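# Chains, contacts and geometry: an overview
As a plain string of letters, each chain reads:
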Amino acid sequence: MNIILIGGPSVGKGTYASKLKKIYHIPHISTGDLFRENIKNETELGIKAKTYIDKGNLVPDEVTIDMVKDRLSKEDAQNGYLLDGFPRTTAQAEALESFTKIDKVLYFTADESVIIARVAGRRICKACGAIFHTTNIPPKKEGVCDYCGGEIYQRPDEQPEIVKERLNTFQEKTKPVIDYYKEKGLLAEIDANRDINNPKFRVIEDCQEVLDQLKA
Ligand code: AP5
Ligand code: MG
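Residues numbered from 1 in each chain as written. Chains lettered and ligands numbered in written order. Predicted model: local features only at pLDDT ≥ 70, side-chain atom pairs only at ≥ 80, totals over all residues. Heavy atoms only, no water.

## Describing the overall build of the protein chain
Applicable threshold: A run of H or I in DSSP counts as a helix once it spans at least four residues, and a run of E counts as a strand once it spans at least two, with each numbered from the N terminus. Radius of gyration means the value over C-alpha atoms here, while the globule rule gives 2.2 Å times the residue count to the 0.38 power. For each residue, the accessible area found with a 1.4 Å probe, counting protein chains only, is set against the maximum for its type, and the residue is called buried under 20%, exposed over 50%, and partly exposed in between. Contacts are assigned to residue pairs with any non-hydrogen atoms lying within 4.5 Å of each other. Here the Shrake-Rupley method, with its probe set to 1.4 Å, supplies the accessible areas, and only the displayed protein chains count as covering residues. In this count, Lys and Arg are taken as positive residues and Asp and Glu as negative ones, while His and the chain termini are left out. Working definition for charges: the position is that of NZ of Lys, CZ of Arg, CG of Asp or CD of Glu.
Along its length, the protein chain carries 8 helices and 8 strands. Here the C-alpha radius of gyration of the protein chain, 17 Å, is about what a compact globule of 216 residues would show, namely 17 Å. Per-residue burial for the protein chain yields a buried fraction of 47% across its 216 residues. Restricting to contacts in the protein chain with at least 6 residues of sequence separation, those with at least 24 account for 71%. As presented, the protein chain carries roughly 11400 Å² of accessible surface, and 49% of it is formed by carbon and sulfur atoms. Taking the average place of the 32 positive charges on the side chains of the protein chain and the average place of its 34 negative ones, the gap between the two points comes to 3 Å.

Put into structure tokens, the structure is as follows:
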């Protein structure tokens, strides 16, 4: 089951993928996480990517496409994957088709005000990447990861002006990708406005309804 998770910045792609990967036993592959790992390790790729990410711009297609192609060729991705944050341009979508087949695209939508509140409170574990939120999903002990005890930090691309740029980039570059998959009949829209603490959340159940049809 080869699945794409697409949606604006901080709509919750990483949060939902971390639940779906346990249900379907397929890896969660996030291009943002791959870049951040490279930045942490100060690789050549990381140093290059940082100059774009820090401004809220996209990393150039050729660099990103090669990174994803390499990641999808790994053993653990041979029975399916949850691809989060890629493709973000139509050139990336076309390239992806040349080395893999996509079964479904989950498109998460939320109002801009909801997105801005999620970005502002998001915190991430430095060690394992677990995602928290200061009010929506707080860690049990402030500043400490519930899962591995690692240090929790705020991403450097969360300043309001950078978030605005990420929202613009999404509208300009990634919206055409959504139309691209809609035309191919692969798109399933999921309302991600619903708060994870609300009993009516049901975002994961809605994803399952779509994905279980692929298995049937
Ligand atoms: P990336 O890391 O992909 O950033 P993004 O798309 O902006 O998405 P985020 O990771 O910010 O948000 P998310 O949707 O995963 O939300 P989360 O689950 O954390 O990319 C970063 C940068 O890398 C890009 O700007 C670009 O420069 C570069 N890049 C990456 N891919 C690229 C590509 N293909 N091509 C070129 N460049 C690329 O949730 C957010 C917060 O909300 C959390 O605190 C969470 O706890 C909370 N939350 C989530 N859902 C809910 C809910 N339903 N109710 C309550 N709280 C919620
Ligand atoms: Mg993410």
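## Focus on the nonpolar core
The condition is simple: Remark: nonpolar core denotes a set of buried residues (Ala, Val, Leu, Ile, Met, Phe, Trp, Tyr, Cys) joined through side-chain atoms within 4.5 Å.
Of all hydrophobic cores here, the largest spans 25 residues; its most connected members are Y16, L20, L106, F108 and I190. Counting residues per element, the ones that place at least two in this core are β1 (2–7), α1 (13–24), β4 (104–109), α6 (112–121), α7 (160–183), β8 (187–191) and α8 (203–215). Sort the elements by how many residues they give to this core and α8 lands first, with 5 residues. Dropping the residues within four chain positions of it, L106 is found in contact with I3, I4, L5, I6, L20, A188, I190, C207, V210 and L211. Residues I65, A77, F86 and Y181 belong to the second largest nonpolar core, which totals 22 residues.

## Considerations on the site of ligand 1
Quick reminder of the rule: In this text, near means that some heavy atom of the residue lies within 4 Å of the molecule or strand in question. We call two N or O atoms a polar contact when they sit within 3.5 Å, provided that within protein one can donate a hydrogen and the other can accept it, with sequence-adjacent residues counted only if both atoms are side-chain atoms. Polar here means any residue other than Ala, Val, Leu, Ile, Met, Phe, Trp, Tyr, Cys and Pro, which are nonpolar, and Asp, Glu, Lys and Arg, which are charged; Gly is therefore polar.
Taken together, 35 residues surround ligand 1, and among them T15, N57, R88, R122 and F132 come closest. At 3.3 Å from an oxygen atom of ligand 1 is found a main-chain nitrogen or oxygen belonging to V11. Contact with the protein chains hides 98% of the accessible area of ligand 1, taken as 1000 Å² for the molecule alone. For the shell around ligand 1, the secondary-structure elements that each account for two or more residues are α1, α2 (31–40) and β6 (131–133). Of the residues assigned to the shell around ligand 1, the class counts are 13 nonpolar, 12 polar and 10 charged.

## Focus: the state of the cysteines
Our working definition: Disulfides are defined in this document as cysteine sulfur pairs within 2.5 Å.
Scanning the model with the defined rule gives 0 disulfides in all. C145 forms no disulfide, and the closest cysteine sulfur to it belongs to C128, at a distance of 3.7 Å.

## Overview of the sheet that holds strand β3 (residues 81–84)
Heads up, the condition is: For two strands to be treated as a pair, DSSP must find no fewer than two bridges joining them. Where helices are involved, their axes are fitted lines through C-alpha atoms of the stretch in contact, as for all axes, and angles between N-to-C directions lie from 0 to 180°.
Taken together, the 5 strands give an open sheet; going across it, the order is β2-β3-β1-β4-β8, and neighbouring strands pair in parallel fashion. Both edges of this open sheet fall to β2 (28–30) and β8, since each of them pairs with a single strand only. The mean angle between the axes of side-by-side strands here comes to 25°, regardless of whether they run parallel or antiparallel. One ladder, built from 4 bridges, connects β1 with β3; its direction is parallel. Bridging from a neighbouring strand, N2 pairs with Y81 of β3. The strands that α8 touches are β1, β4 and β8; relative to β4, the one it contacts most, it runs at about 165°.

## Here we look at unusual backbone geometry
A cis geometry characterises the amide bond from F86 onward to P87, with omega recorded as 0°. Position of P87 among the secondary structure elements: in the loop between β3 and α5 (90–99). Residues other than glycine seldom take positive phi values, yet R202 does so here, at roughly 50°. In this structure, R202 sits in the loop between β8 and α8. Classification of R202 by relative accessible area gives partly exposed; the value is 40%.

## Side note on the pattern of salt bridges
As a reminder, the rule being used: Criterion for a salt bridge: a side-chain nitrogen of Lys or Arg within 4 Å of a carboxyl oxygen of Asp or Glu.
Enumeration according to the criterion identifies 13 salt bridges in this entry. Here D70 makes a salt bridge to K74, at a shortest N to O gap of 3.4 Å. K74 gets classed as partly exposed once you look at its relative accessible area, which sits at 39%. The salt bridge involving K101 is made with D103; its shortest N-O contact spans 3.0 Å. Here K101 falls in the exposed class, since its relative accessible area comes to 55%. You can call D103 partly exposed: its relative accessible area is 24%. Several salt bridges share partner residues, and in doing so they unite R122, R155, D157, E158 and R166 into one network.

This is a description of form; function is not addressed.
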